[in-house]
Amino acid sequence: MNFLDKGPANAGLFYFLEEVGVPLNSKRVAIIAKAESQEGIDAVPTGDANAILVANPKITPFESDKAERNVVRPYFGNAESVVTGVRMKAEFEVELAGSGTRGTAPAWGVLLKGCGFVEAIDKDAVSYAPVSTGHESLTIYYNLDGVQHKLTGARGTVSFDLQNKALPRMKFVFTGVHGGIVDEVAPALKLTPFQTPMPFDAANVASLQVFGFSPAVQSLSIDIANEVKHRSLPGGAERVLITGRKPTASLQIESTRIAERDWFGLARRVMNSPLSLVHGKAKGNIIQLDATVSIGNADYGDSDNISMTTLQLSLLPTNGDDEFRLTVR
């Protein structure tokens, strides 16, 4: 008998295989994202124009609230709850690198727009700064090995992670209106706009300054910490909104003598300072992070038997929407 023969002798076997199907492979993920011209209306992203190169993707296909019945009966046990406020969440990381050409927006720029940032482009640089109004929304397709999840009206938050001898990354978490889940062939992705990032190390960090000092840096993380809320009220539109932000940062540096820099005294006096990091040296692939920070807490740690100081920082606006800026040049 030929195993591949779909004749009567094998009909039952092939019916079983078709019914059971092939398990979904979690590594076969395709994500595309596009800014919406009208909030909540599918922007129809394509793999050719809107592909996103990601790491560590995760989809929450069904996130909801529950209305509990809380009824009382003459016996123990659960009472039914009713699902309400259904939405979808997508999380993934993107490498932090430029477009390769000065004055050309990186392919991941659309994601920052969906996190409450405004994009400004000139011939030499592209910059991103947070804003308090006029937040753009995105349509995101998350295809998990042929199962497509659609988020519309999506908005989110982002954090930046730079660790010594590792590639710098951005971590995005988007919440969107549930746009449905269907079987759909994954789009072919054009990923050439994404450049190879440079490690966060001595060879590629041109400068880092905080409180007028250039410390030896182990890591820098910045969390924009947008407050992202799904809203669905009777008589209103179902939307996802950014309703606030409380950005923080953590900077781990080699410990210094007090005479060099008194980090603890700066924290006690609630002093503010610019923080500036320039990463990369090739034009078109230079990332600059600028923030205004104050020290909330300072503590000791250890790395290779070297004392490290970890500074917990708050990002503070001066005139409004100016506590952080990312520039690609």
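Further up the page is the structure itself.
Residues numbered from 1 in each chain as written. Predicted model: local features only at pLDDT ≥ 70, side-chain atom pairs only at ≥ 80, totals over all residues. Heavy atoms only, no water.

Trainee: Help me understand the packing of aromatic side chains in this model?
Mentor: Aromatic ring pairs are described here by two measures, namely the spacing of the ring centres and the angle between the planes. In this structure the tally under the stated criterion is nine aromatic pairs. Centroid distance W108 to Y128: 5.9 Å. Interplanar angle 40°. Geometry classified as tilted. With W108 in the loop between β4 (81-95) and α2 (109-113) and Y128 in strand β6 (residues 126-130), the pair connects residues that are 20 residues apart, well separated along the chain. When the centroid spacing of 5.9 Å and the interplanar angle of 10° are considered together, the rings of F172 and F174 count as stacked. The class for F172 is buried, based on a relative accessible area of 0%. Each member of the aromatic cluster is reached from another via a ring pair, and the members are F92, F172 and F174. (Phe/Tyr/Trp six-rings, centres within 6.5 Å; stacked < 30°, edge-to-face > 60°. Helix = DSSP H or I, 4+ residues; strand = E, 2+ residues; numbered from the N terminus. Buried < 20%, exposed > 50% of the residue type's maximum accessible area, 1.4 Å probe, protein only.)

Trainee: Honestly, the pairing of strand β18 (residues 324-328) in this entry has me stumped. Any pointers?
Mentor: The side chains of a regular strand alternate, first on one face of the sheet and then on the other. Across the five residues of β18, four count as buried, placing the element largely inside the fold. Relative to β18, β6 is paired through three bridges, and the arrangement is antiparallel. Across the sheet, residue Y128 finds its bridge partner in β18, namely L326. In this structure, strand β16 (residues 287-303) lies alongside β18, joined through five bridges in antiparallel fashion. From the neighbouring strand, Q288 faces β18, where its bridge partner is T327. (Pairing = 2+ DSSP bridges.)

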